[in-house]
Amino acid sequence: MSGSGTSDQTITEPADYTDAFLRGVLESAKSIAVVGASADPVKASYFVMKYLRDKGYTVIPVNPKMAGQTILGLAVYASLGDLPEPPDMVDIFRNSAAAAGVTDEAIAAGAKVVWMQLGVRNDEAAARARAAGLTVVMDRCPKMEIQRLYGEIGRIGVNSNVLVTRRRAPTKSFKKLI
């Protein structure tokens, strides 16, 4: 997605992203570089990467400490500059201060989208990215947005194939174990 998608919508707070805007970003991206990727299956970057890969995205792990190794069978790169081709989107699993440098790398690498994870917001970096023609999303998780936008979220975070707002009665009874 080109930066032109951001001109229709000025973002002042993360909650201001429309569903149509987020769908457009997620549907236009085919390859996603995950900066701050981890091989630890309890880390958010690991299960977000796995989820995105399972959804059909080409996922590229980026972590300088793990360069040359693999995560989920995928080669890990040290930086965005080391990638063989520009990713459509860069998903930043780094803190807000570090997001500035990653955003500059994303611009230099030719990415189309900079996506800063939950709790990550850097307005100055976002302004530089937008000025360079990139689309920016801050303080959101692509996994959670896909689940929310396409009805995959259940009460406990698993896909029940039913999206409800009220608690339903249990379908099975559980006997006392003792």
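Residues numbered from 1 in each chain as written. Predicted model: local features only at pLDDT ≥ 70, side-chain atom pairs only at ≥ 80, totals over all residues. Heavy atoms only, no water.

## Brief notes about the environment of Leu74
No. 1: You can see Leu74 is positioned in strand S4 (residues 74-75).
No. 2: Judged by relative accessible area, Leu74 falls into the partly exposed class, the value being 22%.
No. 3: Each C-alpha atom, one on Leu74 and one on Val59, is 8.0 Å from the other, the two residues being 15 residues apart in sequence.
No. 4: Other than its neighbours up to four places away in sequence, Leu74 contacts Val59, Pro61 and Gln69. (Helix = DSSP H or I, 4+ residues; strand = E, 2+ residues; numbered from the N terminus. Buried < 20%, exposed > 50% of the residue type's maximum accessible area, 1.4 Å probe, protein only. Contact = heavy atoms within 4.5 Å.)

## Points about the side chain of Ser38
No. 1: Tracing the chain through its elements places Ser38 in the loop between strand S1 (31-35) and helix H3 (44-54).
No. 2: At a separation of 3.0 Å, a polar atom in the side chain of Ser38 contacts the main-chain amide nitrogen of Asp40.
No. 3: Once residues within four sequence positions are removed from consideration, Ser38 is found in contact with Lys43, Ser45, Tyr46, Met49 and Ile71. (Polar contact = N/O pair within 3.5 Å; in protein donor to acceptor, adjacent residues only side chain to side chain.)

## Focus on the packing of aromatic side chains
No. 1: A full pass over the atoms with the stated rule returns one aromatic pair.
No. 2: Between Tyr17 and Phe21 the ring centres are 5.5 Å apart and the planes differ by 5 degrees, which places this aromatic pair in the stacked class. For the pair formed by Tyr17 and Phe21, the shared burial category is buried.
No. 3: Over the ring of Tyr150 we find Arg23, and its NZ or CZ is 5.7 Å from the ring centre. (Phe/Tyr/Trp six-rings, centres within 6.5 Å; stacked < 30°, edge-to-face > 60°. Lys NZ or Arg CZ within 6 Å of the ring centre and 35° of its normal.)

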